[in-house]
Amino acid sequence: MSNQPWHKTVCILCESNCGVEVRLDGRELVRIRGDKEHKASAGYTCEKALRLNHYQNGRHRLTSPMRRRDDGTYEEVDWDTAIAETAAGLKKVQERYGGESILYYGGGGQGNHLCGVYATSTRAAVGSRYRSSALAQEKTGEFWVNAHIGVATRGDFANAEVSVFVGKNPWHSHGIPHARRTLKEIANDPDRTMIVIDPRRTETADLADVHLQVKPGRDVYLLAAMVKVLLDEDLVDRRFVADKVNGFDEMEASLADIDVATYARNCGIDENLIREAARRIGNAASVAIFEDLGVQMAPHSTLNSYLEKLLWVLTGNFAKEGAQISPAMMVPFGIAKAGAQKKSPVAEAPIIAGLVPCNVIPDEILTDAPGSYRALIIESANPVHSLAGSSTWRKAMEALEFTVVIDVAMTETARHADIVLPAASQYEKWEATFFNFEFPDNVFTLRKPILEPLPGTLAEPEIHYRLCKELGAIDEKMVAELRATAERNRLEFAAKFYEMTAGDPTMGRLAPVLLYAALGPTLPEDAAQAAALWGIAHTYAMKHPAAIKAAGIEGDGPMLGENLFDAIISDRTGVVFSRTMAEDSWDRVKTIDGKLNVDIPEMFELLAAVPTMPIDMTSEDFPLVLAAGERRSFTANTIFRDPDWRKKDKAGALRMSVADAAAMGIADGGMVRVTTAGGSMTTVVEVNDSIQSGHVTLPNGQGVDYPDESGRDLELTGVPTNELTYLGHQDPFAGTPWHKHVPARVEAM
Ligand SMILES: Nc1nc2c(c(=O)[nH]1)N[C@H]1C(S)=C(S)[C@@H](COP(=O)(O)OP(=O)(O)OC[C@H]3O[C@@H](n4cnc5c(=O)[nH]c(N)nc54)[C@H](O)[C@@H]3O)O[C@H]1N2
Ligand SMILES: Nc1nc2c(c(=O)[nH]1)N[C@H]1C(S)=C(S)[C@@H](COP(=O)(O)OP(=O)(O)OC[C@H]3O[C@@H](n4cnc5c(=O)[nH]c(N)nc54)[C@H](O)[C@@H]3O)O[C@H]1N2
Ligand code: SF4
Ligand SMILES: [Mo]
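Here the structure is a predicted model, which is why all the values come from computation and not from measurement.

### Quick word on the overall build of the protein chain
- When its secondary structure is counted, the protein chain shows 26 helices and 30 strands.
- A compact globule built from 749 residues would reach a C-alpha radius of gyration of about 27 Å, and the protein chain, at 25 Å, matches this within 12%.
- Considering only residue pairs separated by 6 or more positions, the protein chain has 73% of its internal contacts joining residues 24 or more positions apart.
- Of the accessible surface of the protein chain, which amounts to about 27600 Å², a share of 49% is contributed by carbon and sulfur atoms.
- Here the protein chain holds 78 positive side-chain charges and 103 negative ones, and the gap between their average locations is 3 Å.

### Examining the sheet that holds strand E9 (residues 162-166)
- The 4 strands are arranged E11-E10-E9-E13 in an open sheet whose pairing can be described as parallel. For this open sheet the edge positions go to strand E11 (210-212) and strand E13 (287-291), each flanked by a neighbour on one side alone. Along the sheet, successive strands turn relative to each other by an average axial angle of 10°, direction set aside.
- Bridge analysis of E9 against E13 gives 5 bridges, and the strand direction is parallel. Across the sheet, the residue bridging to Val-164 is Ile-289, located in E13.
- Taken strand by strand, helix H8 (residues 219-232) contacts E9, strand E10 (193-197) and E11, and its axis lies near 140° from that of E10.

### Some points on the nonpolar core
- Core analysis: the largest hydrophobic core is formed by 101 residues, its most contacted members being Met-251, Tyr-306, Leu-307 and Leu-596.
- At 11 residues, H8 tops the list of elements feeding residues into this core.
- Split by domain, this core shows at least three residues from each of two domains, domain 2 (66-132 + 336-433 + 441-579) and domain 3 (140-330 + 593-608).
- Sequence-distant contacts of Tyr-306, that is, excluding residues within four places in its chain, are made with Val-145, Met-251, Val-598, Ile-600, Met-603 and Phe-604.
- One finds Val-20, Val-93, Phe-402 and Ala-530 within the second-largest nonpolar core, a separate group that totals 98 residues.

### Considering the packing of aromatic side chains
- In the structure shown here, the tally under the stated rule is 26 aromatic pairs.
- Consider the rings of Tyr-130 and Tyr-373, whose centres lie 6.1 Å apart with planes at 65°: the pair is edge-to-face. Residue Tyr-130 is located in the loop between helix H3 (114-126) and strand E7 (131-132), and its partner Tyr-373 is located in the loop between helix H15 (361-365) and strand E17 (375-379); the two are separated by 243 residues in the primary sequence.
- Look at Tyr-130 and you get buried, because its relative accessible area is 11%.

### Things to note about the environment of Tyr-44
- Among the structural elements, Tyr-44 can be located in the loop between strand E3 (28-34) and helix H1 (53-57).
- Separated by 587 residues in sequence, Tyr-44 and Arg-631 have C-alpha atoms that sit 19 Å apart.
- Those residues in contact with Tyr-44 that lie beyond four places of it in its chain are Cys-18, His-174, His-178, Ala-179, Arg-180 and Arg-181.
- Within the structure, Tyr-44 has its side chain in polar contact with the side chain of His-174 (distance 3.1 Å).

### Describing the site of ligand 1
- Residues in close proximity to ligand 1 total 31 residues, the closest being Asp-198, Gly-217, Asp-219, Thr-635 and Lys-740.
- Here an oxygen atom of ligand 1 and a backbone polar atom of Arg-631 are 2.9 Å apart.
- At 2.8 Å from an oxygen atom of ligand 1 is found a main-chain nitrogen or oxygen belonging to Asn-637.
- Of all the secondary structure elements, the ones that give two or more residues to the shell around ligand 1 are helix H5 (170-173), helix H13 (293-296) and strand E23 (624-630).
- With 3 residues, H13 is the largest single contributor of residues to the shell around ligand 1.
- Here the shell around ligand 1 is built from residues that sort into 8 nonpolar, 12 polar and 11 charged.
- When we break the shell around ligand 1 down by domain, the ones giving at least three residues each are domain 3 (140-330 + 593-608) and domain 4 (617-748).

### Quick look at the site of ligand 3
- In the region of ligand 3, the neighbouring residues are Cys-11, Leu-13, Cys-14, Ser-16, Asn-17, Cys-18, Thr-45, Cys-46, Lys-48, Ala-49 and His-174.
- By residue class, the composition of the shell around ligand 3 is 6 nonpolar, 4 polar and 1 charged.

### Section: the sheet that holds strand E2 (residues 19-25)
- An order of E1-E2-E3 is seen for the 3 strands of this open sheet, with the pairing classed as antiparallel. Unpaired on one side and paired on the other, strand E1 (7-10) and E3 mark the two borders of the sheet. On average, adjacent strands in this sheet sit at an angle of 40° to one another, irrespective of strand direction.
- As paired elements, E2 and E3 share 6 bridges and run antiparallel to each other. Note on E3: the bridge partner recorded for Val-20 is Gly-34.

### Overview of the side chain of Arg-200
- Looking at the secondary structure, you find Arg-200 in the loop between E10 and helix H7 (203-207).
- At 2.9 Å, the side chain of Arg-200 and the side chain of Glu-203 are in polar contact.
- Sequence-distant contacts of Arg-200, defined by excluding residues within four places in its chain, comprise Asn-169, Ala-205, His-211, Gln-213, Glu-630, Arg-655, Ser-690 and Ile-691.

### Some details on the packing of H3 against helix H18 (residues 460-470)
- The N-to-C vectors of H3 and H18 enclose an angle of 10°; their axes lie 9 Å apart at closest approach. Compared by their axis directions, H3 and H18 come out roughly parallel. Together, Cys-115, Tyr-118, Ala-119, Ser-121, Thr-122 and Ala-125 of H3 and Glu-460, Pro-461, His-464, Leu-467 and Cys-468 of H18 make up the contact between the two elements.

### So, the domain arrangement of the protein chain
- Along its sequence, the protein chain is organised into domain 1 (7-56), domain 2 (66-132 + 336-433 + 441-579), domain 3 (140-330 + 593-608) and domain 4 (617-748).
- Placing the centre of domain 2 and that of domain 3 at their C-alpha centroids yields a distance of 35 Å.
- On the domain 3 side, the residues contacting the 15 residues of domain 2 number 8 residues.
- A buried area of about 980 Å², summed over both sides, lies between domain 2 and domain 3, and 73% of it is on carbon and sulfur atoms.
- A per-residue breakdown of the area domain 2 buries against domain 3 is headed by Ala-336, Ile-352 and Tyr-540, which together make up 38% of the total.
- Linking domain 2 to domain 3 there are 0 salt bridges.
- Of all the secondary-structure elements, those providing two or more residues to the side of domain 2 that touches domain 3 are strand E20 (441-444), helix H22 (532-543) and strand E21 (575-579).

Cut-offs and rules
- Residues numbered from 1 in each chain as written.
- Chains lettered and ligands numbered in written order.
- Predicted model: local features only at pLDDT ≥ 70, side-chain atom pairs only at ≥ 80, totals over all residues.
- Heavy atoms only, no water.
- Helix = DSSP H or I, 4+ residues; strand = E, 2+ residues; numbered from the N terminus.
- Rg over C-alpha atoms; globule rule 2.2 N^0.38 Å.
- Contact = heavy atoms within 4.5 Å.
- Areas by Shrake-Rupley, 256 points an atom, 1.4 Å probe, with all protein chains shown as cover.
- Lys, Arg positive; Asp, Glu negative; His and termini not counted.
- Charge placed at Lys NZ, Arg CZ, Asp CG, Glu CD.
- Pairing = 2+ DSSP bridges.
- Axes fitted to C-alpha atoms, helices over the stretch in contact; angles between N-to-C directions.
- Core = buried A, V, L, I, M, F, W, Y, C linked by side-chain atoms within 4.5 Å.
- Buried < 20%, exposed > 50% of the residue type's maximum accessible area, 1.4 Å probe, protein only.
- Domains from an automatic or database assignment.
- Phe/Tyr/Trp six-rings, centres within 6.5 Å; stacked < 30°, edge-to-face > 60°.
- Polar contact = N/O pair within 3.5 Å; in protein donor to acceptor, adjacent residues only side chain to side chain.
- Near = heavy atom within 4 Å.
- Nonpolar A, V, L, I, M, F, W, Y, C, P; charged D, E, K, R; others polar.
- Parallel < 35°, antiparallel > 145°, perpendicular 65-115°, else oblique.
- Buried area = accessible area lost by both parts, 1.4 Å probe.
- Salt bridge = Lys/Arg side-chain N within 4 Å of Asp/Glu carboxyl O.

Structure, rendered in structure tokens:
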């Protein structure tokens, strides 16, 4: 074993995509360690990466396309049949109802974003206009606020004097570089402060200087009170605001009536502690803030995002070291387009960042209204399991006229599809993530396959190419011509490719598969699957030449894009593709005059309505607040299906406070029934002193089925949380679900 090579790749379990090195024994990933040479993670990993073999080689892997029989069971079919029937199924719906009735959902998980790029081509071939993804059930409220403030940001926690985590537990969920190392560094430095806003005393809160242990769902009072203290106690950076911020007076007026003492009482935190935290933020040389699911999946979510952003805008914590910065990303991300809002076809829900709100999709299927969706293409996502209201989702899947799922496993969603197409795994193809948030050096990692595709599977670029061909969208003569040019001369190819695709939107959307077919075969190391990145590299080079050159990549005109692409193709430890200064973040501000804007009337309206709304959503029937989906040591969305990947807490216990458990006579390890307006599930309990009374939590990503050792029967481990969530329980503005705030009742069994 000791002379076996180490293969470079990344961990695909969260957006960090840490570089790892893997040793193989046959097809097994037997040893995994952090890759010290990786430009971003530099050897860092968490405990989860070591378990990746359960993803690659679990019993969940599909090895043949599957076709649904009339009785709901599935049979294996060959690829030609599966592609032909998928194309025919989509074509039929397109002809009958128009391509806009074909919805695309998914497009990538944490580490596989190339499939979504190639899917653009298939969508173009069938005229699909609407799409959605998991982002539309977590981040679209924030993206909308970003659009109106003018910029999408990340916190520079490595350098911040004050770090603030709002409904975010990076100890387990990561999302900041070298999360645990960074958190410990902050905790150990007496000159730096960590403020955590979380109802639970999380692992992150344990390291914090200030834990604002808010009552679940009451952040709006806390955040509004903190902003109000900044205004009242003159903690605003007046110069920054005068020079760089529009709409200050309107914003201040909208907060005029807020009484800090009342709001402190409402959120359950001592007023003095709130004032102290606000003062610490107002007086710091630099502040970095991260808001996440704890506020984005809870009441007032979009308004929470606005208030969170006021904390750093008003204190001038933008575009300087240790504050909020805006990295030059390979593919822009995190910000909607301001201006006229597109609407979804039936519910007329706002489409933010191009995404239909997840919670309206089932309604827009289960209706005969004109414009309803009639077909669904689902790729690298498991919406029946991961979106609110699984039971409604199952009905919606059955009501559709045609559905195709592209996945590595026979998922809860795939079990309702007409055709299931088995994808090669993320270690069997060229793949990459567009979650590139590093600063000042931003890193893009193209992974090379470390294994041959499992027999019977295909990588998504090939799947989409075959679908596009079958749908008659590919001009083979044109591909041959382009390919001959690419073999001869890349710059000549570039000119020809732009000439053929520019000015023709459909051709532009077919570009990914055209690049795969024409440029792909000419690339070194059989990297055809990475061909779409050529277009992305060129687009990036046109937009950010200075950032690329600062990173050490040279060239002028189209040569800069060529050299960037070549660097990406040839580097296995990540390419520094941009180097920016904190001040360059101003270049990313999208408002007309380049200032940040806090005059957002929609948010003022929501703020004005807060006092008229109930503080609490619980009732006699449902006296507890269930956080349905908490990141823990052994959760990783549903990327792992094998429950044995978890070293402990295999069933994913319901956490309950010591006081509530005692009052209900529930012992640690006991079984309970959890009931919500959406459903009822049984689960094991963990009595846990980090939980406050009135709050219970379940881990995310549990309750997926998995073949037993015989391969004949399926076993279900843990609670599928979305059997307990339901539609309608969502942010009225952005449509994001309130998974962290499901009124519930718990009964001992
Ligand atoms: N281990 C692990 N890491 C992951 C993932 C995973 O599945 N497992 N998934 C990845 C993904 S897709 C995402 S989006 C991120 C999410 O990352 P996080 O948002 O950090 O994850 P959560 O644990 O879901 O929620 C964060 C915190 O919100 C708190 N919370 C609950 N209710 C409230 C509330 O009302 N107010 C406030 N202020 N806080 C509240 C919870 O106690 C929790 O500590 O994690 C990523 N990383
Ligand atoms: N109640 C509740 N629900 C939640 C959450 C919560 O906290 N509470 N969290 C939400 C959040 S933040 C998120 S991001 C979502 C995540 O939920 P989803 O978007 O559904 O994503 P994943 O669970 O990551 O599942 C991705 C799918 O990709 C498949 N897959 C893996 N590799 C490949 C590949 O190479 N190709 C293809 N085609 N498929 C592949 C996996 O088998 C899996 O079925 O869950 C959401 N759901
Ligand atoms: S789960 Fe996230 S933080 Fe942990 S090793 Fe994988 S990519 Fe890195
Ligand atoms: Mo997520």
